[in-house]
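Chain residues, written in single-letter form:
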Amino acid sequence: MVALGVAGPLGLVAAVYLSEFASPKVRETVKPMLELLSGVPTVVYGFFALLFVTPLLQSFIPGLPGFNILSAGIVMGIMIIPYVASLSEDAMRAV
């Protein structure tokens, strides 16, 4: 649920921007970079969650343990943004 709460809105906003508002030059540069994010291994995302996102969240929520569902959900949401954005953008451009 946390990942869907992150990826849904951000992916749809990116898709609407790319399909409706972005110039062709911006679309040609942003779309491949967005699709490159889907090629990052999940181990790298997990490492990022453990070493960067968790300490950042612990500064806001002091009692948060090292292994928590919140940081995993946020990073999983970041991980699926390229899929949501790419599929939604293709669907919007087809209509």
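Everything in this summary refers to the structure shown in the same document.

Criteria and cut-off values
Residues numbered from 1 in each chain as written. Predicted model: local features only at pLDDT ≥ 70, side-chain atom pairs only at ≥ 80, totals over all residues. Heavy atoms only, no water. Core = buried A, V, L, I, M, F, W, Y, C linked by side-chain atoms within 4.5 Å. Buried < 20%, exposed > 50% of the residue type's maximum accessible area, 1.4 Å probe, protein only. Helix = DSSP H or I, 4+ residues; strand = E, 2+ residues; numbered from the N terminus. Contact = heavy atoms within 4.5 Å. Phe/Tyr/Trp six-rings, centres within 6.5 Å; stacked < 30°, edge-to-face > 60°. Salt bridge = Lys/Arg side-chain N within 4 Å of Asp/Glu carboxyl O.

**Notes on the nonpolar core**
Next up, step 1: By size, the foremost hydrophobic cluster in this structure holds 7 residues: Tyr-45, Ala-49, Val-53, Leu-57, Leu-64, Val-75 and Met-79.
Next up, step 2: The set of elements that each furnish at least two residues to this core consists of helix H3 (42-60) and helix H4 (69-94).
Next up, step 3: It is H3 that provides the largest number of residues to this core, a total of 4 residues.
Next up, step 4: When neighbours within four sequence positions are excluded, Val-75 is seen to be in contact with Tyr-45, Phe-48, Ala-49 and Val-53.

**What to know about the packing of aromatic side chains**
Next up, step 1: Scanning all chains against the criterion turns up 1 aromatic pair.
Next up, step 2: Look at Phe-48 and Phe-52: their rings are 5.2 Å apart centre to centre, the planes differ by 20 degrees, and that puts the pair in the stacked class. Taken together, the residues Phe-48 and Phe-52, both in helix H3 and 4 residues apart, mark about one turn of the helix.
Next up, step 3: Exposure remark for Phe-48: the relative accessible area of 36% places this residue in the partly exposed category.
Next up, step 4: When its relative accessible area of 47% is taken as the criterion, Phe-52 is described as partly exposed.

**Some thoughts on the pattern of salt bridges**
Next up, step 1: Counted according to the given criterion, the structure contains 4 salt bridges.
Next up, step 2: Where Lys-31 meets Glu-89, a salt bridge forms, and the shortest distance between an N and an O atom there is 2.6 Å. Highlighted residues: Lys-31 in helix H2 (residues 24-37) and Glu-89 in helix H4, separated in sequence by 58 residues. Glu-89 carries the same exposure label as Lys-31, and that label is buried.
Next up, step 3: The salt bridge partner of Lys-31 is Asp-90, with a shortest N-O separation of 2.9 Å. In this pair, Lys-31 sits in helix H2 while Asp-90 sits in helix H4, placing the two residues 59 residues apart along the sequence.
Next up, step 4: Since its relative accessible area comes to 13%, Lys-31 is described here as buried.

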